[in-house]
Amino acid sequence: MSLNVAKAQGNDYFLTRELLVALLVLLFTVVLFVLWKKSRKTNRDVLLVGLCDSGKTALFSHLLYNKPVQSFTSQVENTGELRNKKNLLRLVDIPGHERVFTKYWDAYKMNCKGVMFVVDSETVQTDICDVAELLYRILTDVTIQTNKTKIIILCNKQDKVLAKGSEVIKTLLEKELDTLRLTKSNQLESIDGKKNKTLLGKKKKHFEFTHCQMAVEFAEVISSSQDIVLEPIKDWLEGIQ
């Protein structure tokens, strides 16, 4: 009789242990699923970046509210929910002023799914050094490169008489970035004797956007007149997964 009781107790012990293991596995699976869902929910930012007066805020307003807004140099970010056919995205307008850009860029880039880099097509030739400097920071950002974040360069204000087309702007930027990456590499090497760890383009070849680790596209848009042209942006946003 005592032997049967011992066997029964042993069976109960093993059943209890197996049940606890099953519950722990289930709990672990649920936790992983919740964390995965949370990461997918937070990883939905699309960042609007560019120099001051490039038209970022106007694009932000038209995309979210389908209306213009009074533009001014902002010291804080603008955020808003943007729903398309596939996703609910959060659009973030990063201030263009260099004193605050880094603060907000660093705060949002980790959850970034895409970057819309806005260029003033009318003044780009005059401002090419500053435009290329900011774009260089984006393209060589370790987080952006690691995540292979999609980038679209928006050649804005195409309605202006002196506006440059996207192909011209692309050529200007490639030439300036080619010079800039050599300058940056030499500066870093002279400081610590080491080569720049973040490579832009291919070694011993003139820089081209096709050499980037992430997809970089160009589009021509208008955000500052009655003839709004935003279709290229909307098409690009539909491709954000």
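Up top is the structure these notes are about.
Since the model is a prediction, treat every value here as computed from it, not as a measurement. (Residues numbered from 1 in each chain as written. Predicted model: local features only at pLDDT ≥ 70, side-chain atom pairs only at ≥ 80, totals over all residues. Heavy atoms only, no water.)

Draft legend 1. Region of interest: the overall build of the protein chain. Looking only at helices and strands, the protein chain features 7 helices and 6 strands. Start at the N end of the protein chain and walk to the C end: the helices and strands fall as α-β-α-β-β-α-β-α-α-β-α-β-α. Burial statistics for the protein chain: of 241 residues in total, 39% are counted as buried. For the protein chain, contacts bridging at least 24 residues in sequence account for 74% of all contacts bridging at least 6. For the protein chain, the accessible area works out to roughly 14700 Å², and carbon and sulfur atoms hold 56% of it. (Helix = DSSP H or I, 4+ residues; strand = E, 2+ residues; numbered from the N terminus. Buried < 20%, exposed > 50% of the residue type's maximum accessible area, 1.4 Å probe, protein only. Contact = heavy atoms within 4.5 Å. Areas by Shrake-Rupley, 256 points an atom, 1.4 Å probe, with all protein chains shown as cover.)

Draft legend 2. Seen up close, the pairing of strand β3 (residues 88–93). Alignment of strand β1 (residues 45–50) against β3, held across 4 bridges, turns out to be parallel. Within β3, the position partnered with Asp45 by the bridge is Arg90. (Pairing = 2+ DSSP bridges.)

Draft legend 3. Layout of the side chain of Thr149. By the element assignment, Thr149 lies in the loop between α5 (142–147) and β5 (150–156). Looking at Thr149, the relative accessible area reads 2%, which means it is buried.

Draft legend 4. The nonpolar core, seen in detail. Among the nonpolar cores identified, the biggest contains 36 residues, and Leu139, Leu177 and Phe209 are the most heavily contacted of them. Elements with a minimum of two residues in this core: β1, α3 (98–108), β4 (112–120), α4 (128–139), β5 and α6 (166–192). Here the element with the most residues in this core is α4; it accounts for 8 residues. The residues touching Leu139, leaving out its near neighbours within four places in the chain, are Gln145, Ile151, Leu177, Leu200, Phe207, Phe209, Cys212, Met214 and Val216. Counting 20 residues, the second-largest nonpolar core is a separate cluster that includes Val46, Leu59, Leu82 and Val221. (Core = buried A, V, L, I, M, F, W, Y, C linked by side-chain atoms within 4.5 Å.)

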